[in-house]
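Now for the letters of each chain:
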2 protein chains.
Amino acid sequence: MAATGPRPYELIRRKRDGLELSAAEIAVLVDGFVSGAVPDYQMSAFLMAVFFRGMSAAEIATLTRAMRDSGETLDLSSFGGRTADKHSTGGVGDKVSLVLAPLAAAAGLVVPMMSGRGLGHTGGTIDKLESIPGFDTALSTDAFLRQLDQIGVAMVAQSDRLAPADRRMYALRDVTATVESIPLIAASIMSKKLAEGCDNLVLDVKFGRGAFMQKMVDAEALARTMTAIGNANGVRTRALLSSMEQPLGLALGNAVEVEETIACLRGAGPADLRELTLRLGAEMMLLAGVEASREAATARLARLLDDGSALERFRGMVVAQGGDPAYVDDPQRFYRPAVTLPVVSRARGVVAGIDTLEVGLTIVALGGGRARLYEPIRHEVGVLLNRKVGDEVDAGDVLAQVLAATSAAAGEAVQRLQAAIVISGALDAAGRGGQPPAATPFILDLPQRT
Amino acid sequence: MAATGPRPYELIRRKRDGLELSAAEIAVLVDGFVSGAVPDYQMSAFLMAVFFRGMSAAEIATLTRAMRDSGETLDLSSFGGRTADKHSTGGVGDKVSLVLAPLAAAAGLVVPMMSGRGLGHTGGTIDKLESIPGFDTALSTDAFLRQLDQIGVAMVAQSDRLAPADRRMYALRDVTATVESIPLIAASIMSKKLAEGCDNLVLDVKFGRGAFMQKMVDAEALARTMTAIGNANGVRTRALLSSMEQPLGLALGNAVEVEETIACLRGAGPADLRELTLRLGAEMMLLAGVEASREAATARLARLLDDGSALERFRGMVVAQGGDPAYVDDPQRFYRPAVTLPVVSRARGVVAGIDTLEVGLTIVALGGGRARLYEPIRHEVGVLLNRKVGDEVDAGDVLAQVLAATSAAAGEAVQRLQAAIVISGALDAAGRGGQPPAATPFILDLPQRT
């Protein structure tokens, strides 16, 4: 029964037994997996051992580098250190990238943003952008670099040529119950971000019911792990934590989120969306060294939203990438959902909570998201919230509007949302009483380690 | 990042999270793996999760049954409950099966023994038997049953048709560092034993430096797990623990072990070999209900060794399976190693320890064992010990003889054995002093749980 085998066997065994692997050993596994020398069944056993044993900071950094080096990497050095990107771990109603990328460009940064599509209950920036008629999210590298040089911002889909090891490892993790591992999640995200060649990176790590990491402690661990990977590999990286205890903004879906984006770029839109955008943008400017204080950076970004500069940059990007600029001026003209149904409150009280995961899954069921990669989506469907956590409501008030393709889908979504939006306590005639919602912070700096 | 996938994904995840799987769920995995519906990479992730999470007694019993039911099972019910087998977890110099099978048959039991080949540092009963010229270890099922009916004992190689799920799972475990898991080891061994259809089974679970389970606590856990599987599946099962802190007997190799077997069957041979054989045999008789007390069973077995009855049964088996009976009468005539070299003690003292693992690996290096399945072996090579733990030695005494195919191999083996046999302390002129060897028990009943 003596165990014999080639080198990968030893590396699995060492990880299984809690020993640390060297950079060369991790490269054997990743390179071997990509070349076929390390078969799927060895990689999946290794990944499960990582699930249980974790990885040291050094192991994670070298794993991420090995994954980055499995494919193309971009050289953005000609932009002199001014490139900055933002990555969010995903949520419901999170259209921050759409506002932030042109805003940061308007503030003098170069924003080479590569994003993913929606999967599961979380929406995807690329899906949202593609609701702008004609908008091309698959630029060639040359066109991408030229646009960055000309208008300082381009938003494209993450190329399959970046970090192919990550794509293969993710596909394996997805069928072997090894997704939920902070080292592996961090390496997966950061391998692509490192390949993009950006100088500065701000991470928006979500926590709460609608986030991939529901517990704040896990979100914090993921934020610290990704920040360490970036800084260990020459990318100035900072992270904020932000809440997904309720959706971000009021518009949830694809076309409606672009519409809300445009409102925000006009200096209007929901307060939470504006606040998170400004916080993340200020961090980008501080990292890139183009402003000295958070206050100055925030004030400048707010001005650029209010004076139309950011909107102009957005319009420039839409035109450069083949999109219809009329959409920017009057987005409501373009999509008209077949059915609109209200979600009506059955009680008087206070909105105590919104089950954000359930809201996200309801949008998937409406056709606005996808349960599996490469499924088509509908741009026109979604949910418009009228109330958010802490708002008072009366029986009969409209809590939300469902935008659907069919009456059946709309009816089902209304039922799900009625359960997902929790009205707590009764108000007396003077509007007093009701159960106050649990106080959860909206945005947090990464807490200092004690 | 929502994880989606077919049913096996859920089962991996549940095991990963420490939940218990039902019998039906375990059957999905095992049957699916054999049919190809569950790919290698999912099974290896599952096995690694089992490595970390373990399995409940119910899970192990159903896993073993599912593996048993993946292939043929033998029906031995015509023997009326008198069938009995012995399984050892493997060691160095362990030729007990060769003595015990004919001995138990001489005592009235029916012994349908199916054994494996040697792998790694442990020898295999089938390899040893095949050093008898002409001996056929691959009987048809009909021939096997007929021989059991006629002489009460047959010793054959475990058929590939028994528990094929185990063979495939073991091959995967061997390359994914998931061998060292007590539930998986127990299920692997017992799936084949259950398929053999025996009524009574005694387990000899080895502990110590030369055993697969080096720590006694692990050996005990394995013994309890296997005993529970057997008893939960209709096989009366008991286990003893026995030491592999030093080799069993004095002859180590293939032909020389058969020679020592024949000596033991003549009522001679090393005391430890005889003692362990009698202990295991007595348990078999008690389990099968053919003797009422351990003392009576032991006495009867000792008589059958001393009066030649067991040897006669062995000879009958050799003849029935095509072997040369002249080998039984004068085994030394058949093999003559090309080179014989002594291992000479460099010091005066006491044998404090024998690195049994290293001795086993030295025999593999001589060609007497194999590092990988299906490699050919040499029958004539091996090691003859002159001293065992606790024996006094003088400088210049011969500690062991190496039997080798070449001078180079012999020289290397002598060097390895010189290091493996530890002489401790110096004796004074009167032969006093020296470091006494650590007291380790030789045979232990499975301790009662407190």
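Note that this is a predicted model, so its numbers are computed, not measured.

Q: If you had to explain the overall build of chain A to someone new, which residues and values would you point to?
A: In terms of helices and strands, chain A carries 17 helices and 13 strands. Expected size for 450 residues packed as a compact globule is a radius of gyration near 22 Å; at 23 Å, chain A falls within 12% of this value. Dimensions along the principal axes, computed over C-alpha positions, put chain A at roughly 75 × 55 × 45 Å. Of all 450 residues assigned to chain A, the portion counted as buried reaches 55%. A fraction of 77% describes how many contacts in chain A between residues 6 or more apart in sequence connect residues 24 or more apart. Of the accessible surface of chain A, which amounts to about 16,700 Å², a share of 51% is contributed by carbon and sulfur atoms. Computing the positive centroid from 46 side-chain charges and the negative centroid from 52, chain A places the two 2 Å apart.

Q: With reference to specific residues and values, describe the confidence of the model for chain A.
A: Residues and elements named next belong to chain A. Averaged over every residue, the pLDDT of chain A is 93; the share at 70 or more is 95%. A low-confidence stretch, residues 1-6 stays under pLDDT 50, and its non-local contacts, those more than four residues away or across chains, total 17 contacts. As scored by the predictor, the complex reaches a pTM of 0.87 and an ipTM of 0.85.

Q: Explain the relation of the copies chain A and chain B residue by residue, including any values.
A: With an RMSD of 0.1 Å, chain A superimposes on chain B once it is rotated by 179° and translated 0.0 Å along the axis. When the rotation and shift are considered jointly, the pair of chain copies conforms to a two-fold rotation axis. Residue Y41 of chain A, judged by its C-alpha, is the member of chain A lying nearest the rotation axis, at 2.0 Å. Comparing interface residues between copies, 100% of those in chain A also sit at the interface in chain B, which points to an isologous, same-surface contact.

Q: So, the sheet that holds strand β7 (residues 339-344) of chain A: which residues are in play, and what are the values?
A: Residue and element names in this part refer to chain A. Overall, antiparallel pairing links the four strands, which are arranged β6-β9-β11-β7 in an open sheet. A strand with exactly one partner marks an edge of an open sheet, and here the two such strands are β6 (251-253) and β7. Across the sheet, the axes of successive neighbouring strands diverge by a mean angle of 15°, strand direction being ignored. Here β7 runs beside strand β11 (residues 398-404); their pairing, made up of six bridges, is antiparallel. Its bridge partner being in β11, V343 is matched across the sheet by A400. Packing against the sheet, helix α17 (residues 407-420) makes contact with β7, β9 (382-385) and β11, and its axis sits at approximately 20° to β7.

Q: So what's going on with the domain arrangement of chain A? Which residues, and what values?
A: Often the size quoted for an interface is simply the accessible area lost on bringing the parts together. All names here are of chain A. By the assigned domains, chain A splits into domain 1 (8-54), domain 2 (77-329) and domain 3 (336-424). Inter-centroid distance (C-alpha atoms) of domain 1 to domain 2 is 31 Å. Residue-level contacts link 11 residues of domain 1 with 12 residues of domain 2. Of all residues in domain 1, F33, L47 and F51 give up the largest surface area on contact with domain 2, accounting jointly for 48% of the area buried on that side. Remark: the boundary between domain 1 and domain 2 carries one salt bridge. We note a salt bridge from D40 to R168, for which the minimum N-O separation is 3.3 Å. Counting across the interface, domain 1 meets domain 2 through two residue pairs in polar contact (both at pLDDT 80 or more). Going through the elements one at a time, α2 (23-35) and α3 (40-53) are the ones with two or more residues in the side of domain 1 that touches domain 2. For the side of domain 1 that touches domain 2, the element with the most residues is α3, which contributes seven residues. Grouping the constituent residues of the side of domain 1 that touches domain 2 by class yields eight nonpolar, two polar and one charged.

Q: Give me the pattern of salt bridges: which residues, what numbers.
A: For the coordinates displayed, the defined rule picks out 68 salt bridges over all chains. Linked by salt bridges that have partners in common, E10, R13, R16 and D17 of chain A together with E180 of chain B make up one network.

Q: Can you break down the interface of chain A and chain B residue by residue, with the values?
A: Between chain A and chain B, the contact holds 35 residues from the first and 36 residues from the second. Carbon and sulfur atoms supply 64% of the area that chain A and chain B bury against each other, a total of about 3,200 Å² over both sides. Joining chain A to chain B, the criterion identifies two salt bridges. A salt bridge links R16 of chain A to E180 of chain B; the nearest nitrogen and oxygen atoms lie 2.8 Å apart.

Q: Describe helix α8 (residues 164-176) of chain A, and please don't skip the residues or the numbers.
A: End to end, α8 of chain A covers 19 Å across 13 residues, agreeing with the expected 18 Å (1.5 Å per residue, within 8%). Within α8 of chain A, the full set of buried residues consists of A165, D166, M169, Y170, L172, R173, D174, V175 and T176 of chain A. The inward-facing, buried residues of α8 of chain A contact α2, α3, α4 (57-68) and α9 (182-195) of chain A together with α1 (7-16) and α3 (40-53) of chain B. The first or second residue beyond α8 of chain A is A177 of chain A, which carries a positive phi of 55°.

Q: Tell me about the packing of α4 of chain A against helix α10 (residues 216-232) of chain A, and please be specific about residues and values.
A: The relative placement of two packed helices comes down to the angle between their axes together with the axis-to-axis distance. Residue and element names in this part refer to chain A. Closest axis-to-axis distance for the α4/α10 pair is 9 Å, and the angle between their directions is 65°. The pairing of α4 with α10 is recorded here as roughly perpendicular in orientation. Crossing angle aside, the handedness with which α4 passes α10 is right-handed. Here α4 contributes I60, A61, T64 and R65 to the contact with α10, which in turn contributes T225, I229 and A232. For the contact of α4 with α10, the per-class residue count stands at four nonpolar, two polar and one charged.

Q: Tell me about the environment of V50 of chain B, and please be specific about residues and values.
A: Residues and elements named next belong to chain B. With respect to the helices, strands and loops of the structure, V50 is situated in helix α3. For V50, a relative accessible area of 0% translates into the label buried. Taking the C-alpha atoms as reference points, V50 and D142, 92 residues apart in sequence, are found 38 Å from one another. Other than its neighbours up to four places away in sequence, V50 contacts K15, M55, S181 and L184.

Q: Any chance you could break down the sheet that holds strand β10 (residues 392-393) of chain A for me, citing the residues and the numbers?
A: All names here are of chain A. Across the sheet, which stays open at both edges, the three strands sit in the order β10-β8-β12 with antiparallel pairing between neighbours. Single-partner strands in this sheet number two, and they are β10 and β12 (421-424). Where strand β8 (residues 349-354) lies against β12, four bridges are found, and the strand directions are antiparallel. Pairing of V350 across the sheet is with S424, part of β12. Seen against the sheet, α17 touches β8 and β12 and runs at an angle of roughly 40° to β12.

Q: Please give an account of the pairing of strand β2 (residues 111-115) of chain B that cites residues and values.
A: Residues and elements named next belong to chain B. The element β2 is extensively covered by neighbouring structure, given that five of its five residues are classed as buried. Taken together, the five bridges between β2 and strand β3 (residues 153-157) define a ladder with parallel strand orientation. Each bridged residue has a counterpart across the sheet, and for V111 the counterpart in β3 is V153.

Q: Please provide a residue-by-residue account of the nonpolar core, values included.
A: Counting 94 residues, the largest nonpolar core has F46 and L63 of chain A together with F46 and L63 of chain B as its most contacted members. Among all residues touching F46 of chain A, those that are not within four sequence positions of it are L11, I12, K15, L21, L29 and M55 of chain A.

Q: Report on the packing of helix α1 (residues 7-16) of chain A against α3 of chain A, specifying residues and quantitative values.
A: Residues and elements named next belong to chain A. It is at 8 Å that the axes of α1 and α3 come closest, and there the two elements cross at 15°. Comparing their axes, α3 and α1 come out roughly parallel. Between α1 and α3 the crossing geometry is left-handed. The residues of α3 that touch α1, namely those facing P8, Y9, L11, I12, K15 and R16, are Q42, A45, F46, A49, V50 and R53. The class makeup of the residues in the contact of α1 with α3 is eight nonpolar, one polar and three charged.

Q: Lay out the pairing of strand β5 (residues 236-243) of chain B in plain terms, naming residues and giving numbers.
A: All names here are of chain B. Within β5, six of the eight residues are buried, which leaves the element mostly enclosed by the surrounding structure. Across eight bridges, the pairing between strand β4 (residues 200-207) and β5 is parallel. When the bridges of β5 are listed, L201 appears paired with T237. Read from β4 through helix α10 (residues 216-232) to β5, the crossover connection turns out right-handed. Bridge count between β5 and strand β13 (residues 443-445): three bridges; the pairing is antiparallel. Pairing of L241 across the sheet is with L444, part of β13.

Here is what the cut-offs are and how they apply
Residues numbered from 1 in each chain as written. Chains lettered and ligands numbered in written order. Predicted model: local features only at pLDDT ≥ 70, side-chain atom pairs only at ≥ 80, totals over all residues. Heavy atoms only, no water. Helix = DSSP H or I, 4+ residues; strand = E, 2+ residues; numbered from the N terminus. Rg over C-alpha atoms; globule rule 2.2 N^0.38 Å. Buried < 20%, exposed > 50% of the residue type's maximum accessible area, 1.4 Å probe, protein only. Contact = heavy atoms within 4.5 Å. Areas by Shrake-Rupley, 256 points an atom, 1.4 Å probe, with all protein chains shown as cover. Lys, Arg positive; Asp, Glu negative; His and termini not counted. Charge placed at Lys NZ, Arg CZ, Asp CG, Glu CD. pLDDT = per-residue confidence, 0-100. Least-squares fit on C-alpha atoms with pLDDT ≥ 70 in both. Pairing = 2+ DSSP bridges. Axes fitted to C-alpha atoms, helices over the stretch in contact; angles between N-to-C directions. Domains from an automatic or database assignment. Buried area = accessible area lost by both parts, 1.4 Å probe. Salt bridge = Lys/Arg side-chain N within 4 Å of Asp/Glu carboxyl O. Polar contact = N/O pair within 3.5 Å; in protein donor to acceptor, adjacent residues only side chain to side chain. Nonpolar A, V, L, I, M, F, W, Y, C, P; charged D, E, K, R; others polar. Expected span 1.5 Å × (residues − 1). Parallel < 35°, antiparallel > 145°, perpendicular 65-115°, else oblique. Left-handed = near helix turned anticlockwise from the far one by under 90°. Core = buried A, V, L, I, M, F, W, Y, C linked by side-chain atoms within 4.5 Å. Right-handed = clockwise from strand over helix to strand, strands pointing away.

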